[in-house]
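Read off the chains here:
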Amino acid sequence: MNDELELRVLPLVVRIERTAPPERTDALEAAAMAVLSVLADPGEWSEELLAWQATGKIRKVVRRARGAEWARVLALPGRTVEHRSAEVRVHPPVPLDGWPKDLSRLQVSGTDLADSAAVPAAEPPVLWENPALEMSAGKAMAQAGHAAQLAWWASGTAERAAWIERGLAVSVRTAPSRERFDALSGSGLPVVRDAGFTEIAPGSCTFVAQAPWLAGSRAR
């Protein structure tokens, strides 16, 4: 297997202005939808997406931008997902040590977001976050992106088409209890197990993707 492909990552940038940061749930859902958008329609990035996915390693890195930084991000190849209070831009996969300058200078830290109001009722697919883990919003955004990707891989052609018709919408919620999360993660649904690069221990189950058509899917 090509070592260079092993080290590719998918960059995601969330806009966090000092005076108007996004709601946490909005940011997580926007990140998942941004990942889904390039999986559903790679467009001119087909080769990059195929090479990134072919390794089986779907690493993602989330960085933050504001003001002039965000303007520079918009000038780079990418797609922006606007979802309620959040704006997230996804860029084509890049080698781990080959980031464009205007992306590499962005901070990874400082993505601690919160929800200031009740979130809307969840609709499937639902990406359930493990309530027993403490993750920054940036870390959770990457994990939600992984969960959305596993759900996409586990979906059939008809389910994908219907999902696209719904605008690739997802709901991201924290599981109501550790017991509920453990039950979901052991039920055959797609499960994200973290590689342990940052914040949490290797092998930690971070998210489970749930939808009627995912029942019995093999956990990854």
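Structure shown above.
Keep in mind that what you see is a predicted model, and the values were worked out from it rather than measured.

Chemist: An account of the overall build of the protein chain is requested, with residue identities and associated values reported.
Modeler: Regarding its fold elements, the protein chain presents 8 helices and 9 strands. The globule rule puts the C-alpha radius of gyration for 220 residues at 17 Å, and the 16 Å found for the protein chain is close to it. Referenced to the eigenvectors of the C-alpha coordinate spread, the extents of the protein chain come out at roughly 45 × 45 × 35 Å. Every one of the 220 residues in the protein chain was classed for burial, and the buried ones make up 49%. Across the protein chain, contacts joining residues at least 24 apart in sequence account for 80% of those joining residues at least 6 apart. Carbon together with sulfur atoms contributes 51% to the accessible area of the protein chain, which is approximately 10200 Å² in total.

Chemist: With reference to specific residues and values, describe the packing of helix α2 (residues 24–40) against helix α6 (residues 137–153).
Modeler: The relative placement of two packed helices comes down to the angle between their axes together with the axis-to-axis distance. Running from N to C, α2 and α6 cross one another at 40 degrees; their axes reach a closest spacing of 8 Å. By the angle class used here, α2 and α6 are oblique. Every pair of crossing elements has a handedness; the one defined by α2 and α6 is right-handed. On α6, the residues touching R24, A27, L28, A31, A32, V35, L36, L39 and A40 of α2 are A137, A140, M141, A144, G145, A148, Q149 and W152. Of the residues in the contact of α2 with α6, the class split is 14 nonpolar, 2 polar and 1 charged.

Each value, and the rule that gives it
- Residues numbered from 1 in each chain as written.
- Predicted model: local features only at pLDDT ≥ 70, side-chain atom pairs only at ≥ 80, totals over all residues.
- Heavy atoms only, no water.
- Helix = DSSP H or I, 4+ residues; strand = E, 2+ residues; numbered from the N terminus.
- Rg over C-alpha atoms; globule rule 2.2 N^0.38 Å.
- Buried < 20%, exposed > 50% of the residue type's maximum accessible area, 1.4 Å probe, protein only.
- Contact = heavy atoms within 4.5 Å.
- Areas by Shrake-Rupley, 256 points an atom, 1.4 Å probe, with all protein chains shown as cover.
- Axes fitted to C-alpha atoms, helices over the stretch in contact; angles between N-to-C directions.
- Parallel < 35°, antiparallel > 145°, perpendicular 65-115°, else oblique.
- Left-handed = near helix turned anticlockwise from the far one by under 90°.
- Nonpolar A, V, L, I, M, F, W, Y, C, P; charged D, E, K, R; others polar.

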